[in-house]
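# Structural overview for review
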Amino acid sequence: MATTLDYATSSDDDESFDDEKTTSGSFRNGEFQGRVFKWTNYLHGWQERYVILRHGFLNYYKNEYDISLGCRGALSVKQALIQSHEFDECRFDVRVGDSVWYLRAHSPEDRERWIQALEDHKQMCKSESGYGSETSLRRHPSIGSLASTASASVTSTGSFKKDRSLKEKLNELETFRELLVQQVATLQTYFDACANAVTKGFEPYQKEYENVTDLDFEESLDKNDSKSILDGDTVRNPSIKPKFDRLALDDHAAMAIDFKGEALTFKATTDGVIHNVAFSIELMQKREDIWRKKYEKELERRKRFQDLYNQINKKKVPVFGSPDAEEGPHSTLKEDEFFDALDQSLDRIDRDIDKYPISSKLSAHSKSSTNSTVNKSKSSSKHVPKAVPVSTIVSKSNDDNSESNGKHRLTDDVERIVQEHLQYVREDVSNGWDLIHQDGEMKVYRREVEENGIVVDPLKCFHTIKGVTGHEICRYFWEFQYRMEWETTLDSTKIIEALDPDTVIFFQLHKRVWPAAQRDSCFWSHIRCISHSDEDQPTWLVVNYTTPHPLAPIKSPQVRLVANVALICETIISEPPLDPKDIKRENIQCKLTYVAFVNPGGWVPSAALRGVAKREYPRFLKRFTSYVVEQTRNKPILF
């Protein structure tokens, strides 16, 4: 977020400077923050987000104005692995376990600032927290000192029992402590009485001495005598013999304690303390050994997992949905993984189609009945399909002579491609062609061909559809208003130019099938009726051929699809009645031949392309022909 100055300013330079600071990563308010591009998903791609590094977490927001609303996501920097991209000089990845953020800075210098800030913050988080480090589980030195003072014969004592818990031993130590406290209290009372008698004249026993009839305590001794006695002068002057020695001894004897018994009790108590402490030490040592082994195993396992984690990161295991896995020269997906991803995306499209079937999306004009009638005339002018609606045409042909002579700028190319397909369709499929799919009347053949490392396998499909004519099949294949109803792989389609009533130029945007890039196509489409004789039913043909056009430039990241496709349909009438008007749909069938030369462009692996073609072409034919049969079921036959 741009900092707010304390004074007002209207300078454009200051505003641009604040915006530049906000865009690039820098420290503001003690936190490293700024704008970066974050990969969201394969639909929305890279989106600019505001990212803040604070309190051990990398937080991102939609923009700097949403910070007060809370972050949209966060990653722990302490456990994060920060990697700069190998090919993109502005990109870096932040990985924590299975969670990966793909980020792009605005410049290589900005990327270096972000990486350095993340690494510094990571080290700071590790240094602040000692939990889980190896030093936090070191052996306490007091354990060794206690062990060194333990008795060598502890394990051989009778009081040592392995089945006794540490808690019981602690209770016994508490009992011994109480015994020792009582002994100390008894001795302290005796010593206090002795000290009191010496320093205070045998108080509080002085009154008892005064009651003795044959001895005057005060008069028998003068001050000097009393002082000499207290100072030990009796030892120097043996002639002076105090008269209260006997009474003092009697008084002390009355207060005397059993020193021998107390000594025995003290010895027994201290022995019990020593034995219990020794037992506790040995028990803790055993438990320490157990925990040390567990700790060593945990360290070994942690090291093993760390090595595996580093190995996986070095291999750059692809994450589905990440930009690294997308189609490109540096895609991290292998051929089988790429095909699996394409297969899953196509399955998702199929599920969407099943959820919203075509029949529920039919437009009003597709439900209107066709007022075509049976015509026996074989003139091509009478078999021209309905004109393209003017509202769907972006532009018309600008050829000045196109209306006068019936030609346009692509007339020669159209005629050449049509003749090539008519010749190609007659070629036998016995040499060099492989049957890759067969389902009833449907057969799909393929011949493996590569150009500059790109798969351009030609395909031939043969199918027989009952109840429809060749004209009906080609009409629904060519006409604009029906295309979005049966072609489920399109996002949009439009006619950008009408060259003549039989030839138009389409621009189509295909659905994104992740991880492949999105494709578009620009091609002219031509429909024609071919009649060899008045007796045979006419053969209908539709050719789609890629062509450049100024209204359909190639835009990144789309990849332009190059296609040369022909649909050739022949109507067969079985047991025709005498009156052609009596022909019913039970008496007709269409013999269909579909030829495709497709160069998908881009970098899709060969195995994935062939796998998708083997799966999708039969589905396309089955879906399209079923659609035509359903649409023409209750309509007049169009020959």
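Above this text is the structure in question.
Before going into details, it helps to say that this report is about the structure given with it. (Residues numbered from 1 in each chain as written. Predicted model: local features only at pLDDT ≥ 70, side-chain atom pairs only at ≥ 80, totals over all residues. Heavy atoms only, no water.)

The next subject is the overall build of the protein chain. Helix and strand content of the protein chain: 16 helices and 20 strands. The buried share among the 639 residues of the protein chain stands at 39%. At a minimum sequence separation of 6, the contacts of the protein chain that also span at least 24 residues come to 61%. (Helix = DSSP H or I, 4+ residues; strand = E, 2+ residues; numbered from the N terminus. Buried < 20%, exposed > 50% of the residue type's maximum accessible area, 1.4 Å probe, protein only. Contact = heavy atoms within 4.5 Å.)

As for its placement among the helices and strands, Glu 64 is situated in the loop between strand 4 (57-61) and strand 5 (73-76). At a separation of 2.6 Å, a polar atom in the side chain of Glu 64 contacts the side chain of Arg 35. (Polar contact = N/O pair within 3.5 Å; in protein donor to acceptor, adjacent residues only side chain to side chain.)

On to the pairing of strand 3 (residues 46-54). As paired strands, strand 2 (residues 31-39) and strand 3 are joined by eight bridges and run antiparallel to one another. Each residue of the ladder has a partner; that of Phe 32, found in strand 3, is Leu 53. Sheet topology places strand 3 next to strand 4; five bridges connect them, and they run antiparallel. In the sheet register, Arg 54 faces strand 4, and the bridge partner there is Phe 57. (Pairing = 2+ DSSP bridges.)

Let's shift gears to the nonpolar core. Core analysis: the largest hydrophobic core is formed by 39 residues, its most contacted members being Ile 473, Phe 477, Leu 567, Leu 592, Tyr 594 and Phe 624. Counting residues per element, this core draws most heavily on helix 16 (residues 606-631), which supplies seven residues. In this structure, Val 425, Ile 505, Ile 530 and Val 595 belong to the second largest nonpolar core, which totals 23 residues. (Core = buried A, V, L, I, M, F, W, Y, C linked by side-chain atoms within 4.5 Å.)

Further remarks concern the environment of Ile 530. The topology assignment puts Ile 530 in strand 16 (residues 519-530). Taking the relative accessible area as the measure of exposure, Ile 530 reaches 13% and is therefore buried. Sequence separation of Ile 530 and Ile 568 is 38 residues, and the distance between their C-alpha atoms is 9.9 Å. Ignoring anything within four residues of it in the chain, the contact list for Ile 530 reads Leu 422, Pro 538, Thr 539 and Leu 541.

Let us now look at helix 2 (residues 108-128). In a regular helix each residue adds 1.5 Å, so 21 residues correspond to 30 Å; helix 2 covers 31 Å between its end C-alpha atoms and thus fits that length. Every buried residue of helix 2 is accounted for by Asp 110, Arg 111, Trp 114, Ile 115, Ala 117, Leu 118, His 121, Lys 122 and Cys 125. Looking down the long axis of helix 2, one finds its buried residues gathered within 165° of arc, a one-sided arrangement. Opposite its buried face, helix 2 presents the exposed residues Glu 109 and Ser 127, each directed more than 90 degrees away. (Expected span 1.5 Å × (residues − 1). Arc of directions from axis to C-beta.)

Where burial is concerned, most of strand 15 (residues 503-510) is hidden: seven out of the eight residues are buried. Inspection of the sheet shows strand 14 (residues 490-500) paired to strand 15 by eight bridges, in the antiparallel sense. Following the sheet pairing, Thr 493 is matched in strand 15 by Gln 508. Hairpin geometry of strand 14 and strand 15 is characterised by an intervening segment of two residues between the two adjacent antiparallel strands. In this sheet, strand 16 lies alongside strand 15 in antiparallel orientation, the contact comprising seven bridges. Its bridge partner lying in strand 16, Leu 509 is registered against Asp 520.

Here we take up the packing of aromatic side chains. A full pass over the atoms with the stated rule returns 19 aromatic pairs. Between Tyr 476 and Tyr 482, the ring centres sit 4.4 Å apart and the planes meet at 45°, which makes this aromatic pair tilted. With a centroid separation of 5.9 Å and 85° between ring planes, the pair formed by Tyr 476 and Tyr 627 is classed as edge-to-face. Pair noted here: Tyr 476 is in helix 14 (residues 470-478) and Tyr 627 is in helix 16, with a separation of 151 residues, a long-range link. For Tyr 476, a relative accessible area of 1% puts it in the buried group. Here the aromatic cluster, defined as three or more aromatic residues joined through ring pairs, consists of Phe 477, Trp 486, Tyr 594, Tyr 617, Phe 620 and Phe 624. The ring centre of Trp 46 lies 5.9 Å from the NZ or CZ of Arg 104, which sits over that ring. (Phe/Tyr/Trp six-rings, centres within 6.5 Å; stacked < 30°, edge-to-face > 60°. Lys NZ or Arg CZ within 6 Å of the ring centre and 35° of its normal.)

These results come straight from atomic positions and should not be treated as a statement about function.
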